[in-house]
Amino acid sequence: MEVQLFSLQRAIRPLSLVFCRLSSPVSRLASSRFSRLLSRALPLSAALSLFVFALAAPANAAPSAPLTTPWGEKVTDANAWREYPRPQLVRDGWTCLNGDWDYAVTSVTNTPGRPEKWDGKIRVPFAIESALSGVGRLLGPDEFLWYTRKVDCRKRPGERILLHFGAVDFRAQVFVGHREVTDVPHEGGNLPFTLDVTDYVADGENELTVCAWDPTEDFVNSRGKQSFEPKGCFYTRVSGIWQTVWMENVPETHVAGYAVATDIDKGTVTLRFDVRSPRFAKPEVTVEVAGVKATTANGEVTVTLPRPVRLWSPDSPELYRFTAACGADSVRGYFGMRKIEKRADAKGVLRFYLNDEPTFLLGTLDQGWWPDGLLTPPSDEAMAHDIRTLKDCGYNMMRKHIKVEPLRYYYLCDTLGILVVQDLPSGNHSYLSPLDAKTTARYWLQRQEQKGLMDLLQTSPSVVMWCPYNEAWTQPGEFQTHAMLDFVRNYDPTRLVNGPSGCWDWEGGCILPTGWVAWDKRITTAHKPAGVCEAGDTVDAHLYRGPAMFPVNDRRISFLGEFGGLGHSVEGHLWKKTAKNWGYGGNKDTATREGLEKTYVALLEKVADLAAQGLGGAVYTQTTDVEVEINGLMTYDRKVMKFDPKALRAVHRKVLDAVR
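Residues numbered from 1 in each chain as written. Predicted model: local features only at pLDDT ≥ 70, side-chain atom pairs only at ≥ 80, totals over all residues. Heavy atoms only, no water.

Enquirer: Is there a simple way to explain the side chain of Asp-423 in this structure?
Expert: Along the polypeptide, Asp-423 turns up in strand β28 (residues 419–423). Assessed through its relative accessible area of 0%, Asp-423 is described here as buried. Asp-423 has contacts with Arg-399, Lys-400, His-401, Ile-402, Lys-403, Leu-453, Cys-467 and Asn-470, leaving out every residue within four places of it along the chain. (Helix = DSSP H or I, 4+ residues; strand = E, 2+ residues; numbered from the N terminus. Buried < 20%, exposed > 50% of the residue type's maximum accessible area, 1.4 Å probe, protein only. Contact = heavy atoms within 4.5 Å.)

Enquirer: Honestly, the packing of helix α5 (residues 380–392) against helix α6 (residues 407–416) in this entry has me stumped. Any pointers?
Expert: When two helices pack together, their arrangement is given by the angle between the helix axes and by the axis-to-axis distance. Put simply, α5 and α6 touch, their axes get as near as 10 Å, and they point 40° apart. Judged on the interaxial angle alone, α6 and α5 are oblique. The two elements α5 and α6 cross, and the hand of that crossing is right-handed. Across the interface between the two elements, Asp-380, Met-383, Ala-384, Ile-387, Arg-388 and Lys-391 of α5 pack against Arg-408, Tyr-409, Leu-412, Cys-413 and Leu-416 of α6. Residues that form the contact of α5 with α6 fall into these classes: seven nonpolar, no polar and four charged. (Axes fitted to C-alpha atoms, helices over the stretch in contact; angles between N-to-C directions. Parallel < 35°, antiparallel > 145°, perpendicular 65-115°, else oblique. Left-handed = near helix turned anticlockwise from the far one by under 90°. Nonpolar A, V, L, I, M, F, W, Y, C, P; charged D, E, K, R; others polar.)

Enquirer: Just checking my understanding: could you explain the sheet that holds β28 for this structure?
Expert: Remark on secondary structure: sheet strands pair via backbone hydrogen bonds, oriented parallel or antiparallel. Read across the open sheet, the nine strands follow the order β30-β29-β28-β27-β26-β34-β33-β32-β31; overall the sheet is parallel. What marks the edges here is a single partner per strand, and that holds for β30 (496–497) and β31 (501–502). (Pairing = 2+ DSSP bridges.)

Enquirer: Which parts of the structure should I look at to understand the nonpolar core?
Expert: Taken as a class, soluble globular proteins show a tendency for nonpolar side chains to be buried jointly. Judged by nonpolar contacts, the single largest core of 68 residues is most densely connected at Phe-360, Tyr-600 and Leu-604. If one sorts the elements of this core by residue count, helix α9 (residues 593–613) sits on top with eight residues. Dropping the residues within four chain positions of it, Phe-360 is found in contact with Asn-396, Val-607, Ala-611, Leu-615, Gly-616, Gly-617, Ala-618, Val-655, Leu-656 and Val-659. Counting 31 residues, the second largest nonpolar core, distinct from the first, contains Val-124, Ile-128, Val-201 and Ala-212. (Core = buried A, V, L, I, M, F, W, Y, C linked by side-chain atoms within 4.5 Å.)

Enquirer: What should I look at first to understand unusual backbone geometry in this one?
Expert: Glycine aside, residues mostly have negative phi angles, and peptide bonds mostly take the trans form. Cis geometry is found at the peptide bond from Asp-169 to Phe-170, where omega equals 5°. With respect to the helices and strands, the residue Phe-170 is situated in the loop between β6 (168–169) and β7 (171–176). The omega torsion of the bond from Tyr-544 to Arg-545 falls at -5°, within 30 degrees of zero and hence cis. With respect to the secondary-structure elements, Arg-545 resides in the loop between β32 (538–543) and β33 (557–564). Even without being glycine, Asn-355 reaches a positive phi, approximately 55°.

Enquirer: What is the right way to look at α5 in this model?
Expert: Taking 1.5 Å of rise per residue, the 13 residues of α5 would be expected to cover 18 Å, and the 18 Å separating its terminal C-alpha atoms lies within 8% of that figure. Within the sequence span of α5, burial applies to Asp-380, Ala-382, Met-383, Ala-384, Asp-386, Ile-387, Thr-389 and Leu-390. Of the surrounding elements, those touching the buried residues of α5 are β26 (361–366), β27 (397–400) and α6. In this structure Ser-379 caps α5, since a side-chain oxygen of it lies 3.4 Å from the backbone nitrogen of Glu-381. (Expected span 1.5 Å × (residues − 1). Polar contact = N/O pair within 3.5 Å; in protein donor to acceptor, adjacent residues only side chain to side chain.)

Enquirer: Please explain the sheet that holds strand β20 (residues 300–304) as it appears in this structure.
Expert: On the basis of which strands lie adjacent, the open sheet formed by three strands has the order β16-β17-β20 and antiparallel pairing. A single partner strand is all that each edge strand has here, and the edge strands are β16 (254–263) and β20. Strand-to-strand twist across the sheet, computed as the mean angle between neighbouring axes with direction ignored, equals 20°. Relative to strand β17 (residues 268–276), β16 runs antiparallel, the two sharing nine bridges. Its bridge partner lying in β17, Val-260 is registered against Leu-271.

Enquirer: Just to check I follow, could you spell out the environment of Glu-594 for this structure?
Expert: With respect to the element layout, Glu-594 can be found in helix α9. Glu-594 sits in the exposed class, given a relative accessible area of 62%. Measuring from C-alpha to C-alpha, the distance between Glu-594 and Asp-644 comes to 9.7 Å, with 50 residues separating the pair along the chain.

Enquirer: What should I look at first to understand the pairing of strand β29 (residues 463–467) in this one?
Expert: The buried count for β29 comes to five of five residues, which makes it a mostly enclosed element. Here β29 pairs with β30 via two bridges, running parallel. Residue pairing across strands places Trp-466 opposite Val-497, the latter belonging to β30. Between β29 and its parallel partner β30, the chain crosses via helix α8 (residues 478–491), and the hand of that crossover is right-handed. (Right-handed = clockwise from strand over helix to strand, strands pointing away.)

Enquirer: Could you clarify how one ought to interpret the packing of α9 against helix α10 (residues 645–657) in this entry?
Expert: Contact pair α9 / α10: the axes reach a minimum separation of 8 Å and the direction vectors enclose 15°. When the axis of α9 is compared with that of α10, the two are roughly parallel. Relative to α10, the crossing made by α9 is right-handed. Residues Glu-597, Tyr-600, Val-601, Leu-604, Glu-605, Val-607, Ala-608 and Ala-611 of α9 lie in contact with α10, whose contacting residues are Ala-647, Leu-648, Val-651, His-652, Lys-654 and Val-655.

Enquirer: How should the pairing of strand β34 (residues 617–621) be read in this particular structure?
Expert: Regular strands place side chains that alternate from one sheet face to the opposite one. Across the five residues that make up β34, a large majority, five, are buried. Residue alternation in β34 divides its side chains into two sets, Gly-617, Val-619 and Thr-621 and Ala-618 and Tyr-620, and both sets are buried. Relative to β34, β26 is paired through five bridges, and the arrangement is parallel. When the bridges of β34 are listed, Leu-361 appears paired with Gly-617. One ladder, built from four bridges, connects β33 with β34; its direction is parallel. Following the sheet pairing, Leu-560 is matched in β34 by Ala-618.

Enquirer: Help me understand the packing of aromatic side chains, please; the structure alone is not making it clear to me.
Expert: Each aromatic ring pair is described using two quantities: the centre-to-centre distance and the angle formed by the ring planes. Under the defined criterion, the tally for this structure stands at 26 aromatic pairs. Arranged with centres 6.3 Å apart and planes meeting at 80°, the rings of Phe-144 and Trp-146 form a pair that is edge-to-face. For Trp-146, a relative accessible area of 5% corresponds to the buried category. Its guanidinium or amino end placed over the ring of Tyr-334, Arg-321 lies 5.5 Å from that ring's centre, counting from NZ or CZ. (Phe/Tyr/Trp six-rings, centres within 6.5 Å; stacked < 30°, edge-to-face > 60°. Lys NZ or Arg CZ within 6 Å of the ring centre and 35° of its normal.)

Structure (C-alpha cells):
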C-alpha cells in the first residue's frame, strides 16, 4: 500500500501536515513543509487526502517499519537502553529514565500551556518518527512535542542532583512541576547537556516535563541528512529525545569531566580535570592508574606509566583504566596511549603515522542509521555488530558521517579497536547556494558545536581526525572556513584536521565555487602562497566510483574521502521496492553478488596502487544501505552481508601493506 500511495501523496502534499499526525506507517510519507501548506491547498486534494488516509491509516494503527533489525525486534520498554550512558566517566549510582513517557503534540501557534491531555505513550530514547518509539509519526516545524513522566528524587545534604540528556533535537525546554529549569532553552540536536535540578525538585515524587521543537530545515540548526522529504541521500527526520535520559546524585564538589594528553615517547599521560565546587577554586584530585598514585596541581597531573607502555591501535586496542577521587566524589575513566600525526615517509611522501608507523586509513562512510530506530541504534549489541563487521572485513577506520553517536558507541570503538574520522553534522546551506546572512548566522552555532564535539570525544583514542566541512554543506567563505579549521587544529593538537572534505577547498586544494565539475577539471592541487597557513592536514577528494587521488604534495596528505558506492539490491531487504533505489554506478556488473564482489575487489586493487604512489587513506561508501540507498556492505536491516568478508580482508591487506 505504501509504495502505491507514494505518487498520490505527492499530488496531495499540501494537506499532508494535517494527516501526518496519524500514528501510522503511511504517515512516514507525509511532508511537513508547512510553508507550502496554505499556498497549495485545494478542495480536491483535501478530498483525496481524506479518502486515502481513511482507507490506509486508521488513527490507532500500530507503528511499524518496512524493515526491522534483529536487535530492534527485541526492544521493549523494560530493556530500552539500560546500559550506563557515559563509559568515559563512570560513577556508581544512577537512575535510568528511558522507557515509557506520556507524550503529546500541540501547535506552536495556539498552545496556551502544557497539555492537559496526553496523546499516549512514547518509548524514550527513540525519536517520535521511529517505529521503536511506539508512535511512528512525523513532527512538523509548526508543532511542539511534549514528554512527561514522574521521577523520584532523594535530596541529601552536601549533594546535587543532575539530570542528563544524551541528545534532544533541536530545542528543549525542561520543567520540574511548573518551573522551567533554565533561563534559556537548550539548543542543539547532537550533543549531550546536563541540568542541575537540585533547587527545583522536592524530596520524593516529581513531575518532569520536556517540550521539544525541531525545525529540521530552513533554520540555523545542524540537521545532518534529515529531511522533510526523504529521497536520494537524505533521510527520514528525527525529532525530540533520541538519546538516553538519566539522573545521578553527586557531591557538591565533583569531577565533571577530564581531558587526556598522552606522550608515547616519554611514556607519560597528563590528565586535566574539570572540577565543579561551590567552595574551592582548584580542589585536589587523586588519581590511581597502573599502580601509580598522583595528585593534581592546578587541576592537572602527569603520570609516568610503568614500562613497557601498552600502545592503543586497531590491532591492539589497549586501554588504561584509572580512578579519580575528589573529596567525597569518586569516578572511573580510561585512556589509550596513542599518537596520530602527519609525517613524511622515507620517500618524502606525507602520510598518516599512528604510533610512529606509517598507516593507511581504510574504512567506510558510516552514517549510523537504523530502519527501526533511525538515528538511535536499537541497542549496544547492534552498535557492536556494525563495528565488528567492519573489523572482520579488514577495515581499520570508519568515517562517522554527519552524525554524533551516543557515547557508548565511541566506547565500543575504543574497546574493539577502530579508528574514527568524525564529521560535524552540517546545516542546510549547499555549495550550490549563494553565501548569505543565514550562512554567517549558522557559523556561530557551528563553532560552538565543533568545540562541544571536541570536548565530548577528547578522551576517546579511536577518534583521530575531525572533519568540520563535508562537500561545502553549511560551509562559509574563505575567511571563516580557514578560521574554523585553524581553531580545530589549535584547540585539539592530539588529532588531525580533515578537509574541507570533497570540494570548495579554500585552503588551496580543489575549489568548486559553482558546483560539481568533471574530475579531470579538478585533478590538480593548488597551494596558498609560501608562508601562508593551510590549516587542513589533508586535501580530500570525493569521487564516485573512483578511485583517484590528488597528486602528492608537501603540505597535506592526499585523502580519498568518499568513493565507490556500488549499488546492489537484495530482494526482501529493501526499505522500499521502487525504481528510485540507487547506488553510485549500480548496473549490470553489480547486479549479482559475484559481480558486485568482483567489481569491489578491482576498485580496491586500484586503491592499493594509489596507496603505493602516496594516497594516505580512502573511505568506501558505505557500511549499510540507508533507506533508498542500496550501496552498503550490508542491507539496511543488517540481516544480509553482501560480500564475503574473507575476500574483502585479502584485498584490504594489499592496501594496508602498500604503505609499509
